[in-house]
Amino acid sequence: MYESYYKLSGKPFQLAPDPYFFFGSSTHKRALAYLKYGVSQSEGFIVVTGDVGTGKSTLVRTLFNTLEQKNDLIAGQLVNTQLDSTNVLRMVAATFGLAHQAADKTSLLKNIENFLMARQRENKRCMLVVDEAQNLPMESLEELRMLSNLHFKGKILLQVFLLGQSEFRDNLRHPNLEQVRQRITASYHLAHLDETETQGYIEHRLKKVDWQEDPLFTREAYRAIFECTQGVPRRINTLCDRLLLFGFLEEKHTIDDEIVRVVAAELKAELMVPETEQQPVHKGGNGADRPAVVAMNGNLEQRVQFLEQELERMRTRFEKERDYMRKIVAISFNFDEEHEYQHRMK
């Protein structure tokens, strides 16, 4: 909707992982280097962890893009990890296109081993990327370790990449996973973006869709975005997408910190963010708390007032969106068709 208003060639802040928008921050560059190093070593586990929304999936897709140019590599990705040891083997088999539904555990293991050995004879290497590894039961993780032990003529047949949220690091400290830890050849934890990188990340994604500094983000706006998102890429995407929508609806060509605070408060109210996840209270020019804080902490009367304001704001936005759509329709339809369309809209 806002793309044409700001003359953008696409949506810069979509949530779906897309290597086209990969931003090489210091932490993401190192993580990608670790993954590539792991590929070159051809053995063991490579572990990458990070908080929710820090870009692990985008990192993997970026790696896959680089691997597509290498004919000697066969890569598979496992995303459903809440599985017992037998079912995780079924998923591995399915990932590599092997029969898996009716097979028992012994048959699954044999099929996977035969497949890996056949690829080794063709001088091809296989790798498996396991996303959301923190959900893996201990016995399933041990099953993956056993797969990573398979070898033929002194060469490891399968290399495993484990990507998980921060708690996965704690999971790996369990005494029963000592053998898994010994198989880890490299590990890296994705950090949040700092304030400078947050600005660079936003501008990088905007330039990918032919942004011509419309809308213009002020320096204070960048700082406010960093404070509201704590430098987490997914949060930045969500907030900036809404900022562009707000700017379009309000016909703004400059995004300042005040707009950022208003939109961030709206998002928190819509998502019903718990009080423990609220950012520090930001004071307005008259020292008053922001609306989101009032909504979460105020008395019943204040909450009702806030909700009424939110409904009024949503009603105003709806009317602007409707007017905008009518303008578009007026260009595409003749007068009679437009008159009939407006009649249906009422």
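Under an unreviewed UniProt entry, the protein has the name Putative secretion ATPase (PEP-CTERM system associated) and belongs to Permianibacter aggregans.

Topic: the overall build of the protein
Counting its regular elements, the protein contains 15 helices and nine strands. Buried residues in the protein amount to 42% of all 346 residues. Carbon together with sulfur atoms contributes 50% to the accessible area of the protein, which is approximately 18,500 Å² in total.

Re the pairing of strand E1 (residues 45-50)
Put simply, side chains in a regular strand alternate between the two faces of the sheet. Burial runs high along E1: six of the six residues are buried. Both faces of E1 are covered, namely the face carrying Phe45, Val47 and Thr49 and the face carrying Ile46, Val48 and Gly50. Two elements, E1 and strand E6 (residues 158-164), share five bridges in a ladder whose sense is parallel. Opposite Val48, over in E6, you have Leu163 as the bridge partner.

Topic: the environment of Tyr2
As for its placement among the helices and strands, Tyr2 is situated in helix H1 (residues 2-5). Its relative accessible area of 3% is what places Tyr2 among the buried residues. Measuring from C-alpha to C-alpha, the distance between Tyr2 and Phe248 comes to 5.6 Å, with 246 residues separating the pair along the chain. Not counting the four nearest positions on each side in its chain, Tyr2 is found in contact with Leu8, Lys11, Pro12, Asp241, Leu244, Leu245 and Phe248.

A word on the pairing of strand E3 (residues 125-130)
Counting buried positions over the six residues of E3 gives five, a clear majority of the element. Two elements, strand E2 (residues 73-78) and E3, share six bridges in a ladder whose sense is parallel. Of the residues in E3, the one forming a bridge with Ala75 is Met127. Bridge count between E3 and E6: five bridges; the pairing is parallel. Considered in E6, the bridge of Val130 is made with Leu162.

Some thoughts on the packing of aromatic side chains
Scanning the model with the defined rule gives seven aromatic pairs in all. Measuring from centroid to centroid gives 4.9 Å for Tyr5 and Tyr6, while their planes differ by 75 degrees, and the two rings are edge-to-face. For Tyr5, a relative accessible area of 22% puts it in the partly exposed group. With relative accessibility at 2%, the residue Tyr6 sits in the buried group. Pairing Phe217 with Tyr222 gives two aromatic rings, centres 5.6 Å apart and planes at 25 degrees, and the pair type is stacked. For the residue pair Phe217 and Tyr222, the accessibility class agrees, reading buried in each case. Three or more aromatic residues link up through ring pairs in this structure, and these residues are Tyr5, Tyr6 and Phe248.

Section: the confidence of the model for the protein
On average, residues of the protein score 81 in pLDDT, and 77% of them reach the 70 mark or higher. Predicted confidence for residues 276-300 stays below pLDDT 50, and this span has 34 contacts to residues more than four positions away or in other chains.

Quick notes on the rules
Residues numbered from 1 in each chain as written. Predicted model: local features only at pLDDT ≥ 70, side-chain atom pairs only at ≥ 80, totals over all residues. Heavy atoms only, no water. Helix = DSSP H or I, 4+ residues; strand = E, 2+ residues; numbered from the N terminus. Buried < 20%, exposed > 50% of the residue type's maximum accessible area, 1.4 Å probe, protein only. Areas by Shrake-Rupley, 256 points an atom, 1.4 Å probe, with all protein chains shown as cover. Pairing = 2+ DSSP bridges. Contact = heavy atoms within 4.5 Å. Phe/Tyr/Trp six-rings, centres within 6.5 Å; stacked < 30°, edge-to-face > 60°. pLDDT = per-residue confidence, 0-100.

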